[in-house]
Each structure stands twice: as C-alpha cells, then as structure tokens.
Amino acid sequence: MATIEEVKKLASLARIKLNDAELETFTSEFDAILAYIGQLEKLDIPSDLKGEKPALRNVMRVDGTPHESGAYTEKLAEQFPAREGDALSVKQILSHD
Amino acid sequence: MTNPSTNPRDLRPNEMTIVEAARALRARALTVRELWDACATVAHAKNPELHAFLEIFDADEVAIAAAQKRIEANDASLLCGIPLAIKDNILIEGKIASAASKMLENYRATYDATVVKKLKDAGALFLGRTNMDEFAMGSSTEHSAFGATKNPHDPSRVPGGSSGGSAAAVAAHMVIAALGSDTGGSIRQPAALTGLVGLKPTYGAVSRSGLIALGSSLDQIGPLAKTIEDARILHTAIAGSDSLDATTIPESLYPARATSGKMRIGVPRHLLGEGVDAEVREAFNTTLKKLEEAGHTLVDIELPTSAHALAAYYVIMPAEVSTNLARLDGMRYGHATRGETLLDDYVLSRTEGFGEETLRRVLLGTFVLSSGYIDAYYRKASAARGVLRREYDKAFESCDVIAFPTTPSPAFVFGEKSDPLSMYLGDIFTVTANLTGMPAVSVPMGFVEREGPSTSLGVKKQLPIGIHFTAPHQAEEVLFSIGSAVEKI
C-alpha cells in the first residue's frame, strides 16, 4: 500500500511538487499499478541466469574530438534560459557569508 | 490490403505509396513539386480536424528543386522527392522538437538526428512534425500537451500511440509515409489501429542519435507506411551502425535466417484467451488459416514468461524514464521558471513543464529504483528480460516468426481508458519485442465493425486491426517476407 507521505517523498526526490489533489490521485493509482507489477515476485528466475552478464550493457567511445571546437556553441547558447556571453547564467550555489 | 487501388493512374499523388510515387516521378507523370503540393494541400485541409501534425512545414524550395534534379538524372534513391512526416521527438536541425511536451515547446534542434540526415541524403522531404503522447508515454496521443490526434477511420476514437500523429498523417493520406519511435509498441499499435504497416527494428539496427530518449534499453526508430515494401524502403534507408550511437550493431551480428519461401509460424495459443476481443481473435484465426492455405505452417509454441512481460516492462520503462528525464531541469534549455533558490528553479521548471502521465512515470521510476525496492522490482524485471529472451530463442528453434494480434481490441473512444492501468494493459502483445530487442512488425488484417459513441448511436464504423509478427534479432527480412504474404491473402 502506498501512502501519501511516500508519494510526497518520491516527488521530492524527483524534483517535482504535487498539490494535495494530485497526491491523492497518484497514491491511489500507485496501489493498482504496484499490485500489477508486484506479480514479478512470483516469477522464478533460473539460477544459471542470475549471474549472467546482461545482453545489453554500456560501452564507452574512445575519448577524442568528434567535431571542431565551438561548432555548436552559438546554437546551444541560443537555447539557454539566461546567458552572459557564451556562458550559461545560473543562481549562485555557494555563499561567501 | 491497404492499397485503395491497383492502378496507380487512378490515384491522387498523396494517396500513392513510396513505390508508386517514385515510379510516377521517374515516368515524368508527376513532379516533386506536384507531389509536395498534393500532400501539403490535404495536410492543411485535414489537420484542423485530425491534429496529426503539430507543425506543417513550408515548402523547402531548394530541397524540392534538388530532388527534381536528382530524379531527372535518374538517381536510384526511391525516397528522392518523397514527402515524409517525422515524429516530434526526432531532431531536424533548426526545427522545433518538443516531444509534444510543454517542457520542450520552444526547443529548437541544434543538429539532425542520424535518421534525418540519412533521409536528407536520400533526397526525402519533410512535410512536418507529428503529434504524439508527451515524451512518447502513452498509447492514444491523449497525453500530448497540445491536444490529441484523431483516428481518420473514426474521429471519435484514438489513433493509438504514442506515434499516433505519424499514423494518422499516413492513414489520412496527408503524407506518403512517416517515422515513429517504439519503446513498447508505439509504432506497431498505432499502425494496427489506423490500418498501416509499422516496424519496430532490432535493438541497435537504427541509430537513436537525435531521438529524445524515453527508455534507452527499449527505444527504436522505425517506419509507419502503407505497405510492407514501403516500410522496407524506409527501414533500409535509416538502418546501419553509427558512431554517434554506441548501441548500434554491425550487420550480420546475429546468424542469418532463411528469408523467403514457406514460413513456420509459431502461435502462442495460451496467450490468446481472456482479454482479447472475440472479433479480433476471429480475424487472427482467419488470417492464420489463409496463410496455412498459402503453404505456410502453423506451429504451437509456449512462451510461459510472457504473462509477466508487461509487468517487467512497466518497471524497466519508468525506471529509464525517471533517469532520462532528470536532465530536463530548466537549466540549459526547455521550460525554465525561476524561484527563490536553485532547487526552486528545478522544481518549478519540472512541475510546470511535465504533464500528468510524465509525472506519473517519473514517480513510478523513482520508486522502483529506490533503495529497498530496487531488488524486488528493477533487478527482478531485468532478470525477467533474460528469461523472456531465452524463451523466444528456444521458440525460434521450431518456427521462423511468432504471431499474435497487435492489440487485444480495435481503436478505443477518447477517454475510455482514463485509468492508467487499463491503458497499460493494451500494450500486452507489443512490449515483449522491446524487452528482448527482437524486430517486430504489425500488418493490417482487416477490419472489425463498431458502433459510434453515444452521439452517433447506430452509425457503424469499420475499424482496422493488425497482425503482429516477431522474428529473431536482425531478421527484419523475415518479417518483410511474412508481411508480404499477409498482404497477398
């Protein structure tokens, strides 16, 4: 059973704010969804699969210069909500006080 | 089955397939400009009602002239001069790519997706960007931040989703063919509900560079088209490994399969009981019987873990959604609201930018990944993927393709599945191919009759349904072969 407090906590972890009505709706829907996905508990995983390397896994490309430096700077900077020259402007996060 | 006429000369240009249009362009029966105008005129006329496009682009005179020139020089590319529609989560440089979200309403793509670059190189034209469920989360387009798309076969019903705009645009002959993306059925399900062919390629067959990510271990870009041959042409044009997407795979990574002749069709009868409409099951059985009469063989197969596939999908997908969408925080691009603190900036931007279904899946994903639950949900679901894949590999020892209906029922009425779980259950047949990474196709298998909603009681509409085939990894050609066999019956 999901509780309103739990959903509120999840929202805070996900950087989302929910109003009381939304909290109530999501909480009640969560019960039905969790009951459904909870059926996975009943699934037996064969022991030889448990330690198997997954077929899908991360790979890294070699470090390098995929394109000329600065080629996308202006296009990317145009999307900034606030800019100073080519720099992205954000709130100060460290205080000197 | 979807061809309105066998004689291309009877067709209006916008009603042609890629093959028919390419032939007419080469025979000088049609110019690129005339083909563009035919599509654009119909698109502008029908879009106010259907809302398939979020934006219809102005004609690109340079691209049209270049395509005409290439055709006159007998260029071999069949896509040269063909107007296509692109789902709004695929980047076209300089155009808005919003993923039908308020979050990216004003986001302008800074580069071309690899698939778009390949289509441009092939001489294809882009008629517009199509509507979808926000960030591709949904099966109806009702979750678009800009209003739902309507099904051309019955505007009181959904076109399916999340690539519903692409499906409606092709089905209503507003465009010749389209690209969509498929994370759990988002190409195949709308294709089935609008009478089209829809292909979800093998995981890694097509580059996702420039696709706005939903579930990165599941997403693939693929075609929505009027015929199998058109789907094949589009798929061939966009497929191939790409240094910009490390998950793309080289050709012939998996063993080659016989791609022609008589097929052994595996049928998991145990999955077709409850929950599947009687008429859908009847159409499915009739289609299988006709395939048998045409010389193909039916094989009974068992896929016991399939019963858990949807549950595994609705753990893995939201987990990936919550991580992928964490990048959207109002800092570098997209919807940005400012509050007192930096944390307020994040929270306000995300809360205002995301729609309800997106919030729901971000929360669900945060839950299944949270400490204390990750073993019970996420790790268990990942292990279930391995079991499913093994079961399918085993089944493919005795058959070439596996068949079931694409959807348990035809297109539903707007608002009918307002409870999220009931909407999720409609994906039951399509999600497994994304979990196993295998290619799958939906091909039209006729129509079922349904009465309209209360406002038009007594009026019966013919609603399309689809048959779904899954093949082993990289065996797209097997799908095209069985798909053509269905088109011929």
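Look up: the structure comes first, before these words.
Keep in mind that what you see is a predicted model, and the values were worked out from it rather than measured. (Residues numbered from 1 in each chain as written. Chains lettered and ligands numbered in written order. Predicted model: local features only at pLDDT ≥ 70, side-chain atom pairs only at ≥ 80, totals over all residues.)

Colleague: For this particular structure, what's the right way to read the overall build of chain B?
Modeller: When helices and strands are counted, chain B shows 15 helices and 11 strands. Over its C-alpha trace chain B gives a radius of gyration of 21 Å, about what one expects of a compact globule, namely 23 Å for 489 residues. Taking the principal axes of its C-alpha atoms as reference, chain B extends roughly 65 × 55 × 55 Å. Looking at chain B residue by residue over its 489 residues, the buried ones come to 59%. In chain B, of all internal contacts separated by at least 6 residues, the share reaching a separation of at least 24 is 74%. (Helix = DSSP H or I, 4+ residues; strand = E, 2+ residues; numbered from the N terminus. Rg over C-alpha atoms; globule rule 2.2 N^0.38 Å. Buried ≥ 20, exposed ≤ 12 C-beta atoms within 10 Å, placed from the backbone. Contact = placed C-beta atoms within 7 Å.)

Colleague: Would you mind showing me how to read the overall build of chain A here?
Modeller: What chain A contains, in helices and strands, is four helices and two strands. In chain A, the order of α-helices and β-strands from amino to carboxyl end is α-α-α-α-β-β. The proportion of buried residues among the 97 residues of chain A is 11%.

Colleague: Please clarify how the nonpolar core should be interpreted in this entry.
Modeller: Proteins that are soluble and globular tend to have nonpolar side chains buried together. Core analysis: the largest hydrophobic core is formed by 166 residues, its most contacted members being L84, V175, V315 and V401 of chain B. The element that contributes the greatest number of residues to this core is helix α9 (residues 309-324) of chain B, accounting for 11 residues. (Core = buried A, V, L, I, M, F, W, Y, C linked by C-beta atoms within 7 Å.)

Colleague: Before we go on, may I ask you to explain the interface of chain A and chain B in this structure?
Modeller: A common way to state how big an interface is: give the accessible area lost once the parts meet. Tallying the contact residues gives 38 residues for chain A and 44 residues for chain B. Within the residue set of the side of chain A that touches chain B, elements represented by two or more residues are α1 (4-13), α2 (20-37), α3 (47-50) and α4 (73-78) of chain A. Considering only residue class, the side of chain A that touches chain B consists of 27 nonpolar, two polar and nine charged. (Nonpolar A, V, L, I, M, F, W, Y, C, P; charged D, E, K, R; others polar.)

Colleague: Where do I start with the sheet that holds strand β3 (residues 125-130) of chain B in this structure?
Modeller: Residues and elements named next belong to chain B. Strand order in the open sheet made by the 11 strands is β1-β3-β2-β4-β6-β5-β10-β11-β9-β7-β8, with mixed pairing throughout. Taken across any chain shown, the strands that pair with only one partner, and hence form the sheet edges, are β1 (53-56) and β8 (297-300). Adjacent strand axes in the sheet meet at a mean angle of 30 degrees when their direction is disregarded. Where strand β2 (residues 83-87) meets strand β4 (residues 177-182), three bridges bridge the pair, whose relative direction is parallel. Looking at the pairing, L84 lines up with A177 of β4. Along the sheet, helix α2 (residues 32-50) makes contact with β1, β2 and β3, crossing β1 at roughly 135 degrees. (Pairing = 2+ DSSP bridges. Axes fitted to C-alpha atoms, helices over the stretch in contact; angles between N-to-C directions.)

Colleague: Is there a simple way to think about α2 of chain B in this case?
Modeller: The periodicity of an α-helix, 3.6 residues per turn, causes residues three or four places apart in sequence to face the same way. Residues and elements named next belong to chain B. Taking 1.5 Å of rise per residue, 19 residues should cover 27 Å, and α2 covers 25 Å from first to last C-alpha, within 8% of that figure. Most pronounced at H44, the bend in α2 amounts to some 30 degrees, and the proline P48 follows within four residues. V32, L35, W36, A38, C39, A40, A43, N47 and L50 are the residues of α2 that are buried. Tucked inside the fold, the buried residues of α2 contact α1 (18-26), β1, α3 (61-72), β2, β3 and α5 (164-171). Following α2 by one or two positions, H51 adopts a phi angle in the positive range, close to 55 degrees. (Expected span 1.5 Å × (residues − 1). Bend = angle between axes of the 7 residues up to and from the residue.)

Colleague: Which parts of the structure should I look at to understand the environment of I316 of chain B?
Modeller: All names here are of chain B. Relative to the assigned elements, I316 resides in helix α9. Classification of I316 as buried rests on a count of 25 C-beta atoms within 10 Å. With 43 residues separating them in the primary sequence, I316 and L359 have C-alpha atoms 16 Å apart.

Colleague: When you look at the packing of helix α7 (residues 228-238) of chain B against helix α15 (residues 476-488) of chain B in this model, what are you seeing that I'm missing?
Modeller: Two quantities define a packed helix pair, namely the angle between the helix axes and the distance between the axes. Residues and elements named next belong to chain B. Two numbers describe how α7 lies on α15: the axes approach to 9 Å, and their chain directions differ by 160 degrees. Comparing their axes, α15 and α7 come out roughly antiparallel. Where α7 approaches α15, its residues I228, R232 and H235 are matched on the opposing element by E476, F480, G483, S484 and E487. In the contact of α7 with α15, the residues fall into two nonpolar, three polar and three charged. (Parallel < 35°, antiparallel > 145°, perpendicular 65-115°, else oblique.)

Colleague: Teacher, can you tell me more about helix α11 (residues 356-368) of chain B here?
Modeller: Taking 1.5 Å per residue as the helical rise, α11 of chain B with its 13 residues ought to reach 18 Å, and the 19 Å between its terminal C-alpha atoms agrees with that figure. The element α11 of chain B is largely enclosed, with a buried count of 11 among its 13 residues. Along α11 of chain B, the residues that are buried comprise T358, L359, R360, R361, V362, L363, L364, G365, T366, F367 and V368 of chain B. Where α11 of chain B is buried, its residues touch α1 and α2 of chain A together with α9, α12 (375-395) and α13 (420-425) of chain B.

Colleague: Is there a simple way to explain the pairing of β3 of chain B in this structure?
Modeller: Strand residues, when the strand is regular, have side chains that alternate between the two faces of the sheet. Residues and elements named next belong to chain B. With six of six residues buried, β3 lies mostly within the body of the structure. Bridge analysis of β1 against β3 gives three bridges, and the strand direction is antiparallel. Bridge pairing links I56 to G128 in β3. Summarising the sheet, β2 and β3 pair through five bridges and their orientation is parallel.

Colleague: Quick question: what am I supposed to make of the pairing of strand β6 (residues 220-225) of chain B here?
Modeller: All names here are of chain B. Of all six residues in β6, six are buried; the element is thus mostly enclosed. Across five bridges, β4 lies against β6 in antiparallel orientation. The partner of G180 across the bridge, within β6, is G222. Inspection of the sheet shows strand β5 (residues 197-200) paired to β6 by two bridges, in the antiparallel sense. The residue bridging V197 from the neighbouring strand is A225, located in β6.

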